[in-house]
Amino acid sequence: MTCLTKKIKIGNLYIGGGEPIRIQSMTNTKTKDIEKTVEQILRLESLGCEIIRVAVPDMESAKAIEKIKAKIHIPIVADIHFDYKLALEAIYNGADKIRINPGNIGGPEKVKKIVDEAKRYGIPIRVGANSGSLPKEILEKYKSPTPEAIVEAALNQVRLLESFDFDNIVISVKSSDILTTIKSYEILSRRTSYPLHVGLTEAGTFIAGCVKSSIAIGHLLLQGIGDTIRVSLTDDPEKEVTVAKEILKGLKLKKGVNIISCPTCARCNVDLIKIANEVEKRIGNLDLDISVAIMGCAVNGPGEAKEADIGIACGIGEGLLFKKGKIVKKVKEDDLVDELIREIYSLYKT
């Protein structure tokens, strides 16, 4: 099932309407520290981040967007809370999208000021409803942040934007709970055709956040729900991008190297963990749709990894290089990784 949504332009790319699922992340630098923020965004770009969000807690941060944008190559989203003037300043300084939260930006007249300028500059607004920051009247009605409550909060804000003749909208309905998040997006996808930004909020530290995000995001994408994703982690944003790419690659929604490696056992006579990590580090960002097997012994070698495009099976002092399950040659252990990388790059060039 694919939920075809409206196509929205953000900076130099599009989301929705059948466009590829876009990967987002958010900086954790002080936005007003232009140098550090740019450095982090450029690293995220190199890993595959396609849209970047920055927090705008003050005017200095809003004004910094202009200089940041001049040095990066992907759309920049301004994350705004409480003060509509920050949204206006972010727009004037080149933000490609504005993210606001229902209920905390002020009355309709303040929202209208943002909408008027967003229309004038041709940029979209993301309505972000989170389970932890719902309007008081919504919580009173539903007694707790249920999926229905989160969706209603988001759609109330959407209707407000629409009342100002504005439909350049992206929506998110996030919770830190997997099932609440999934149900919220399922309800929302049946009630709107606006593109959806999918992810959990406050998903947790690396391991917990990866697991929870993979379950929720993966489940939704398999239903055709979601146009852009963010894996939210209490960790380096670079890891968010890496995990997001793996989710998309695993679902065959994005090209990329798929590394197959065995968990090791007593038959393994090499440091396979080190080898696998080295290979991943060197080829993980290649836009090459191949499977690479890194196996610890002959048992889990060409036979079990015969579907891989290319791989190595390690032995004692040497290993086998194989392609499509067929052994190509023996290679000394010290040369295994370099030889594998050379063969992969030869595929990449063709």
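So, a few notes on the structure that sits alongside this text. Bear in mind that the values here come from a model prediction, so they are computed numbers and not experimental data. (Residues numbered from 1 in each chain as written. Predicted model: local features only at pLDDT ≥ 70, side-chain atom pairs only at ≥ 80, totals over all residues. Heavy atoms only, no water.)

Some details on the pairing of strand β6 (residues 97-100)
Sheet faces and side chains relate simply in a regular strand, where the side chains alternate between the two faces.
Right, so step 1: Residues K97 and R99 line one face of β6 and the alternating positions I98 and I100 line the opposite face, and both faces are buried.
Right, so step 2: Both strand β5 (residues 76-79) and β6 contribute to a ladder of 3 bridges, which runs parallel. Bridging from a neighbouring strand, A78 pairs with I98 of β6.
Right, so step 3: Regarding the hand of the β-α-β motif, the stretch spanning β5, helix α3 (residues 84-92) and β6 is right-handed.
Right, so step 4: Here β6 pairs with strand β7 (residues 125-130) via 3 bridges, running parallel. (Buried < 20%, exposed > 50% of the residue type's maximum accessible area, 1.4 Å probe, protein only. Helix = DSSP H or I, 4+ residues; strand = E, 2+ residues; numbered from the N terminus. Pairing = 2+ DSSP bridges. Right-handed = clockwise from strand over helix to strand, strands pointing away.)

Concerning the pattern of salt bridges
Right, so step 1: Following the criterion strictly, the structure yields 23 salt bridges and no others.
Right, so step 2: With a shortest N-O distance of 3.1 Å, D167 and K6 are connected by a salt bridge. One end of the pair, D167, is in the loop between α6 (147-163) and β8 (169-174); the other, K6, is in the segment before β1 (8-10), and 161 residues separate them in sequence.
Right, so step 3: The class of K6 is partly exposed, set by a relative accessible area of 28%.
Right, so step 4: Residues R230 and E240 are paired through a salt bridge, measuring 2.9 Å at the closest nitrogen-oxygen approach. One end of the pair, R230, is in strand β10 (residues 228-230); the other, E240, is in helix α9 (residues 237-250), and 10 residues separate them in sequence. Just as R230 is buried, E240 falls in that class too.
Right, so step 5: One network of salt bridges, in which partners are shared, links K7, E19, R22 and E50. (Salt bridge = Lys/Arg side-chain N within 4 Å of Asp/Glu carboxyl O.)

Quick word on a nonpolar patch on the surface
Right, so step 1: On the surface, F206, I207, V211 and I215 cluster together to form a nonpolar patch covering roughly 350 Å² of accessible area.
Right, so step 2: Note that F206 resides in helix α8 (residues 206-222).
Right, so step 3: A residue is classified by how much of its surface remains accessible, and F206, at 30% relative accessible area, is partly exposed. (Patch = residues over 30% accessible without salt bridge, like charges linked within 9 Å, V, L, I, M, F, W, Y side chains within 5 Å. Areas by Shrake-Rupley, 256 points an atom, 1.4 Å probe, with all protein chains shown as cover.)

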